[in-house]
Number of protein chains: 2
Amino acid sequence: MLNKIKTLILGSPLPTRSLTEKRLNKVRALAAFSPDALSSIAYANQEIFLGLVVAGASGLSLAMPIGIAIVLLLTIVAASYFQTIEAYPGGGGSYVVARDNLGSFFGLIAAAALLMDYVLTAAVSLTAGVEAIASAYPILWSLRTEIALFLLVIITLANMRGLKETGTLMSIPVYLFLFTFIPMIVFGLFKLSTQGVQELGAVAPPAVKPVTLFLILHTFATGCTALTGIEAISNGIPSFQPPEIKNARITLVVMAILMGFLFAGSIGLTQSLGIIAGPQQTILAALSQRLLGDGPGFYLIQFATMAVLAVAANTSFAGFPRLAAILAQDRYLPRQLTSLGDRLVFANGIGLLALASGFLIVLFRGESHALIPLFAVGVFIAFTLSQLGMVVHWLRLRTPHWQVKASLNGLGALTTAITMIVIGYSKMLEGAWITFFLICVLVIVFMRIKHHYQDVSSQLTLRGLPPSLRPLPSPRIVIPVSGVHRGIIDAIDFSSSISKDVTGLYIELNPGEAEKVKAEWERWFPNIPLVVRASPFRSVVAPLLEFLDETDFEHNDGQMAVVVLPEFIPARWWHGLLHNQTTWLIKTALLYRRRHLGFQRVIIDIPYHLRR
Amino acid sequence: MLNKIKTLILGSPLPTRSLTEKRLNKVRALAAFSPDALSSIAYANQEIFLGLVVAGASGLSLAMPIGIAIVLLLTIVAASYFQTIEAYPGGGGSYVVARDNLGSFFGLIAAAALLMDYVLTAAVSLTAGVEAIASAYPILWSLRTEIALFLLVIITLANMRGLKETGTLMSIPVYLFLFTFIPMIVFGLFKLSTQGVQELGAVAPPAVKPVTLFLILHTFATGCTALTGIEAISNGIPSFQPPEIKNARITLVVMAILMGFLFAGSIGLTQSLGIIAGPQQTILAALSQRLLGDGPGFYLIQFATMAVLAVAANTSFAGFPRLAAILAQDRYLPRQLTSLGDRLVFANGIGLLALASGFLIVLFRGESHALIPLFAVGVFIAFTLSQLGMVVHWLRLRTPHWQVKASLNGLGALTTAITMIVIGYSKMLEGAWITFFLICVLVIVFMRIKHHYQDVSSQLTLRGLPPSLRPLPSPRIVIPVSGVHRGIIDAIDFSSSISKDVTGLYIELNPGEAEKVKAEWERWFPNIPLVVRASPFRSVVAPLLEFLDETDFEHNDGQMAVVVLPEFIPARWWHGLLHNQTTWLIKTALLYRRRHLGFQRVIIDIPYHLRR
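Quick notes on the rules
- Residues numbered from 1 in each chain as written.
- Chains lettered and ligands numbered in written order.
- Predicted model: local features only at pLDDT ≥ 70, side-chain atom pairs only at ≥ 80, totals over all residues.
- Heavy atoms only, no water.
- Helix = DSSP H or I, 4+ residues; strand = E, 2+ residues; numbered from the N terminus.
- Rg over C-alpha atoms; globule rule 2.2 N^0.38 Å.
- Buried < 20%, exposed > 50% of the residue type's maximum accessible area, 1.4 Å probe, protein only.
- Contact = heavy atoms within 4.5 Å.
- Areas by Shrake-Rupley, 256 points an atom, 1.4 Å probe, with all protein chains shown as cover.
- Lys, Arg positive; Asp, Glu negative; His and termini not counted.
- Charge placed at Lys NZ, Arg CZ, Asp CG, Glu CD.
- Axes fitted to C-alpha atoms, helices over the stretch in contact; angles between N-to-C directions.
- Parallel < 35°, antiparallel > 145°, perpendicular 65-115°, else oblique.
- Left-handed = near helix turned anticlockwise from the far one by under 90°.
- Nonpolar A, V, L, I, M, F, W, Y, C, P; charged D, E, K, R; others polar.
- Pairing = 2+ DSSP bridges.
- 1 Å grid on protein atoms, 1.4 Å probe; cavity = no way out; pocket = protein on both sides within 12 Å on 5 of 7 lines; lining within 4 Å.
- Points joined across faces, edges and corners; volume = space filled by probe spheres on them.
- Least-squares fit on C-alpha atoms with pLDDT ≥ 70 in both.
- Expected span 1.5 Å × (residues − 1).
- Bend = angle between axes of the 7 residues up to and from the residue.
- Buried area = accessible area lost by both parts, 1.4 Å probe.
- Salt bridge = Lys/Arg side-chain N within 4 Å of Asp/Glu carboxyl O.
- Phe/Tyr/Trp six-rings, centres within 6.5 Å; stacked < 30°, edge-to-face > 60°.

Student: I would appreciate a short explanation of the overall build of chain A in the present structure.
Tutor: Along its length, chain A carries 23 helices and five strands. Its C-alpha radius of gyration of 33 Å places chain A more than 25% over the 25 Å reference for a compact globule of 612 residues. When burial is assessed residue by residue, chain A has 57% of its 612 residues classed as buried. If you take every contact in chain A between residues at least 6 apart in sequence, the share linking residues at least 24 apart comes to 80%. Of the roughly 26200 Å² of accessible surface on chain A, 67% is carried by carbon and sulfur atoms. Separation between the mean location of the 45 positive side-chain charges and that of the 34 negative ones in chain A comes to 8 Å.

Student: I keep staring at the packing of helix H3 (residues 35-53) of chain B against helix H16 (residues 296-329) of chain B and nothing clicks. Help me out?
Tutor: All names here are of chain B. Relative to each other, H3 and H16 sit at 130°, their axes nearing to 8 Å. In this view, H3 runs oblique relative to H16, as classed from their interaxial angle. In this structure, H3 meets H16 at a crossing whose hand is left-handed. Each of Pro-35, Asp-36, Ser-39, Ala-42 and Tyr-43 in H3 lies in contact with H16, whose residues at this interface are Thr-305, Val-308, Leu-309, Val-311, Ala-312 and Thr-315. A per-class count over the contact of H3 with H16 returns seven nonpolar, three polar and one charged.

Student: Hey, could you run me through the sheet that holds strand E4 (residues 562-569) of chain A in this one?
Tutor: The strands making up a sheet associate through backbone hydrogen bonding, with each pair oriented either parallel or antiparallel. With mixed pairing, the 10 strands of this open sheet are ordered in space as E3(A)-E2(A)-E1(A)-E4(A)-E5(A)-E5(B)-E4(B)-E1(B)-E2(B)-E3(B). Strand pairing shows two members of the sheet lacking a second neighbour, strand E3 (530-534) of chain A together with strand E3 (530-534) of chain B, which therefore form its edges. Each neighbouring strand pair of the sheet contributes to a mean axis angle of 30°, computed without reference to strand direction. Across three bridges, the pairing between strand E5 (residues 603-609) of chain A and strand E5 (residues 603-609) of chain B is antiparallel. Bridging across to E5(B), A:Ile604 finds its partner in B:Ile604. Against the sheet, helix H21 (residues 514-524) of chain B makes contact with strand E1 (476-481), strand E2 (501-508) and E3 of chain B, and its axis sits at roughly 175° relative to E3(B), the strand it touches most.

Student: How do you make sense of the layout of surface pockets when you look at a structure like this?
Tutor: In this approach the atoms are scanned with a rolling probe the size of a water molecule, which exposes any empty space left behind. All names here are of chain B. Counted as a void, the second largest pocket has a volume near 930 Å³. Around the second largest pocket, the lining comprises 35 residues; the ones closest to its centre are Leu-333, Leu-352, Leu-442, Val-445 and Ile-449. Elements with a contribution of two residues or more to the lining of the second largest pocket: helix H7 (104-136), helix H17 (347-363) and helix H19 (402-460). The leading source of residues in the lining of the second largest pocket is H19, at 11 residues. Taken together, the residues of the lining of the second largest pocket break down into 26 nonpolar, five polar and four charged.

Student: What's the story with the relation of the copies chain B and chain A in this structure? I'm lost.
Tutor: Between the two copies of the chain lies a rotation about an axis combined with a shift along it. Of the transformation superimposing chain B on chain A, the axial component is 0.0 Å and the angular component is 179°, with the fit at an RMSD of 0.2 Å. Here the transformation between the copies is reduced to the relation of a two-fold axis. Minimal C-alpha distance to the rotation axis in chain B is attained by B:Ile604, lying at 2.1 Å.

Student: Help me understand helix H19 (residues 402-460) of chain A in this model?
Tutor: Every α-helical turn comprises 3.6 residues, leaving residues that sit three or four positions apart pointing alike. Taking 1.5 Å of rise per residue, the 59 residues of H19(A) would be expected to cover 87 Å, yet its terminal C-alpha atoms sit only 46 Å apart, more than 12% below that figure. Along H19(A), the largest kink reaches about 120° and is centred on A:Met428.

Student: Could you clarify how one ought to interpret the interface of chain B and chain A in this entry?
Tutor: As a measure of interface size, the accessible area lost when the parts come together is often cited. In this assembly, 82 residues from chain B lie in contact with 81 residues from chain A. Carbon and sulfur atoms make up 63% of the area that chain B and chain A hide from each other, which totals about 7400 Å². Considering only the surface of chain B that becomes buried against chain A, B:Gln459, B:Arg538 and B:Leu578 emerge as the three largest contributors, covering 10% of it. Summed over the shared surface of chain B and chain A, the number is zero salt bridges.

Student: How should the pattern of salt bridges be read in this particular structure?
Tutor: Pairing is possible between side chains that carry opposite charge, provided their charged atoms lie close to one another. Residues and elements named next belong to chain B. On inspection of all chains with the given rule, the structure shows 22 salt bridges over all chains. The salt bridge involving Lys-587 is made with Glu-567; its shortest N-O contact spans 3.1 Å. Placement of the pair is Lys-587 in helix H23 (residues 582-592) and Glu-567 in strand E4 (residues 562-569), with a sequence separation of 20 residues. When its relative accessible area of 14% is taken as the criterion, Lys-587 is described as buried.

Student: Where do I start with the packing of aromatic side chains in this structure?
Tutor: All names here are of chain B. Scanning the entire structure with this criterion turns up 22 aromatic pairs over all chains. Both rings, one in Phe-33 and one in Phe-240, keep their centres 5.6 Å apart while their planes meet at 15°; by these two values the pair is stacked. Here Phe-33, found in helix H2 (residues 26-33), pairs with Phe-240, found in the loop between helix H13 (232-235) and helix H14 (244-272); they are 207 residues apart in sequence, far enough to count as distant. With respect to burial, Phe-33 and Phe-240 carry one shared label: buried. Between Phe-380 and Phe-383, the ring centres sit 5.2 Å apart and the planes meet at 80°, which makes this aromatic pair edge-to-face.

Student: Explanation requested: the environment of A:Gln403 in the structure shown.
Tutor: On the secondary structure map, A:Gln403 appears in helix H19. As a C-alpha pair, A:Gln403 and A:Val391 span 12 residues in sequence and 9.5 Å in three-dimensional space.

Student: Could you clarify how one ought to interpret the pairing of E4(B) in this entry?
Tutor: Look at any regular strand and the pattern is simple: side chains alternate between the two faces of the sheet. Residue and element names in this part refer to chain B. Across the eight residues that make up E4, a large majority, seven, are buried. By the bridge criterion, two bridges tie E1 to E4 in an arrangement that is parallel. Paired with Ile-477 across the strands is Val-562, a residue of E4. Alignment of E4 against E5, held across seven bridges, turns out to be parallel. Across the sheet, Ile-569 pairs through a bridge with His-609, a residue of E5.

Student: Whenever I open this one, helix H10 (residues 171-195) of chain B confuses me. Can you help?
Tutor: Residue and element names in this part refer to chain B. The end-to-end C-alpha distance of H10, which contains 25 residues, comes to 35 Å, matching closely the 36 Å that a straight helix rising 1.5 Å per residue would cover. Considered for burial, the residues of H10 that qualify are Ser-171, Pro-173, Val-174, Tyr-175, Phe-177, Leu-178, Thr-180, Phe-181, Met-184, Ile-185, Gly-188 and Leu-192. Just downstream of H10 lies Gly-196, where phi reads positive at about 85°.

Student: Whenever I open this one, the packing of H14(B) against helix H15 (residues 283-292) of chain B confuses me. Can you help?
Tutor: Each packed pair of helices is defined by two parameters, the angle between the axes and the distance between the axes. All names here are of chain B. Put simply, H14 and H15 touch, their axes get as near as 10 Å, and they point 70° apart. In terms of their interaxial angle, H14 and H15 are classed as roughly perpendicular. Like other packed secondary-structure pairs, H14 and H15 cross with a definite hand, here left-handed. Along its contact with H14, which presents Ser-266, Leu-269 and Thr-270, the element H15 presents Ile-283, Leu-284, Leu-287 and Leu-291. Across the contact of H14 with H15, the residue classes tally to five nonpolar, two polar and no charged.

Student: When you look at unusual backbone geometry in this model, what are you seeing that I'm missing?
Tutor: Glycine aside, the phi torsion of most residues is negative, and most peptide linkages are trans. Between A:Pro242 and A:Pro243 the backbone carries a cis peptide bond, its omega angle lying at -5°. Mapped onto the secondary structure, A:Pro243 falls in the loop between helix H13 (232-235) and helix H14 (244-272). Notably, A:His401 is not glycine yet its phi reads approximately 60°, a positive angle. Topologically, A:His401 is positioned in the loop between helix H18 (368-397) and H19. Taking relative accessible area as the criterion, A:His401 reaches 58% and is therefore assigned exposed. The backbone of B:Arg398 sits at a positive phi, close to 50°, despite the residue not being glycine.

Rendered as structure tokens:
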């Protein structure tokens, strides 16, 4: 029945041969890879506003300069990734680039930062999306955590089922967002030109903090979240239609221009029109409400923002499981993460991501603002390592124009490194330390896991073993029995068929019980000895282990006695609740109890199925 | 390490031979068996007050008449149990008396009522105890649930450890309660004689309900909870020093007199002094505060009340596991309930009781008043069945004076039956239906469990089997392997030593992997065939089962192939997280998959322990 429900929700299993990737044209590729990058303007704008509003009008007047600095940074980073596309046409994720050029250690740091990032992208995008729609419907404001979790469940199930239509279905929210937001900003600019600039002093709340360098850096740092997702295209080049490199590059340029326009446009309008957000409202919602009034246009914009943010969360569900699988293939994560589920998706990775981001959403009560300090720092660590890796790449290969290319990536590395330091410095106490700490923990875990797998494979190697089998003597068999009944007949039958040395063992729990059992045993199995052991502490396992040790010691033939376990299997699983789980206890104890090296104790399970 | 913590909290295991019962003299026996009965005046008084106060002064003036009716009932019930002691010197619990005289069906009803009762005694006593102490320290009032659960955990652990000192340690709260409460009531009576009766009209809150017959019956019904625990002595006669019957009878009489005095005294004083309880205060607390002021005496009384109620909860921890073990011995409950834990206590029963009463405390938010309607009805069902059983007992045996004895027990049965009907009628909607419903469910569960055990033992019987063993042919062996490595050598070695017919089976999960495995296999095990099966849906279990079915069908020798499972065991349990649990999945699938009747598939587990 459980299986039927699973099939209903997730669909029926798919065979491995259906595993082919569909190539995307530029229009679909933009929709597939850009939601994260485009939608990040929603929370970046919000953070810039929240960072500056505490300093009143003079604070808010810095929004535009900070915005321009971020757009500049965006240009440099985009140019850097433009080069990565050429160098890594097979997909140049930060992990691969850093691993190949800087060594596995830096690769692992990048990988840890990226994994954190994917989790945070999902959590921040969902919470910001819910905030967008709750700005339009304030009644939802207090239910933000629940709604975000609900969306998370939907996205998780959809990904478990496998999204064949990434390029089609997903493109609707993306283009809806673009075709509503761009006209709104154009309309806003037109309005601005007829209306003139609004003096901030007249509308801004009074300053509660002075404008300091720290405040500016801090705001810049949080605003840099606008850049998250820009690396997505360079990870996914093999999904483009040929010529892949050219198409990917064009798409990257288009995306960067759109990002820059949307970000600069909205932040410029916000400042020039003197827009201030209310307490249960995002700054983008305040902007669109000012421009479009309370009409359907406003609701459409809020809905489009939420939809594109939900799709952005979805991109984590593509990236995280794939990166986790690559790490698992390199033996840095449990190998279960490499296994394709029934629907040909990395189901374990998807589940892990859903759990982690759900945990964050609950922990931070569905507030994107609280999550941001954790978010920005990981992104820029990955950026920096990836750009540094590219510099090394050019220095090593010395392809034509390598000097120009290396300097360009060097500039990228330098600016992202500075940004990373600024973010780390200004956001450390607010939460960036959590990211730093978790990255360290993850790197250590990666290395321990690798170490374990190497250990195991060195213990499993056949090298050095003589290529022949050792002849074993006939096994000595011990059969623990709970009484003389139908369930032990098969066990005794089978044991006698493979060995001449069979012994029954009865553990007497309540004094006096053994006599009757012994008499009946002798009546039924006169040729097989039965040993009785008393158990003063009423445990079955301890006297059994003791007996086995003794008999092994007595025989001293380098072989351990084989244990044959008669096990009766109830007709219904819940009948198991009515029986002692002694057989299970014995099995577990025998299996996990390591004796001297070499051949371990063999356990033979002889099931006897009850019919009802 | 877990074991060490367990030993620290619960003590080290005790051998079965230390299982002896200490005999109690009358003073200790009173302390051991009376806490439930004596302490029940705490909540009974409270319920009478709460039932009458809604009808204002004219309601409260009925407290005394209702109290007298209950004391009368107490006398009849005590006299009935006085006779049970003589008839069942081995311990006459309601279950045993009803089972022996009325048949197993009525015995099961009594048993179900008693089990419910034990759970409710624990829950009601603990919550009432916390209410007593929170009446003295109002700051604790909002933490009642948490404190009650904390006490429950303490009592549970103490019982898991085994309370050797039932008669000694437990007697302190009981005698503290008696030696503070009796003087207080005497002092109150003296004060009353000098001061005169207070007119209720002057102090009672205005009536919000009229005095109706239903209100009176309702109050009488809840007040009857004062009788709970009176049967305890008749259950525990073997614990008395000889002459057991005489000593038990004297103790019963003393206890009944104490109960009657405490109950009638406190209810009389409450009414005559015109005492009204505040919103966060029990009526007994209001009484002692009036008599003793806010001095240490008041706090001592509240503390003694809480302590005696906690000890009363503890008596459930003696009764419930013992009754559950008797029922399990009769095969009406899972046999795990009969097994004595490391400390010679019925640990499973104790755990079950703790879970059930903890659940009730949480569900009813630590409010004894909310639990009472569930409580009273079960007690009186057990009383009635037990008295009815005694009537049948006398009719059957016709010992000297059997007519008198039968009439006395008949009177007891009649009055308790009427009380049961009154309680059921007046409290049905408030919660008594839950008890009735659960008793029905429990009786059905008892019978189903018995049925299952009978089924199993009929399937396990050897009757009808020829007393000789069937000679089995040499087994056909299939070894599923995940590759050619050190972990499979022992499995192949062992298989070859017990059979000539051994086949390896490799399930190919990713197309193309099999070739390398096959080549290596042939290099190492040239004499053993390896079969390769592809798994298009990436499952290991399904193709394995398919192969086994096919090969069984091909051979058609009435034998199923034996499966040998090479299993490598990680050095640390958490390493298991890094490996697929394929072997476990295969074992479970094979074990629980029933084929045609007769000999089932044998599973041989060959562990290979990793050293690190």
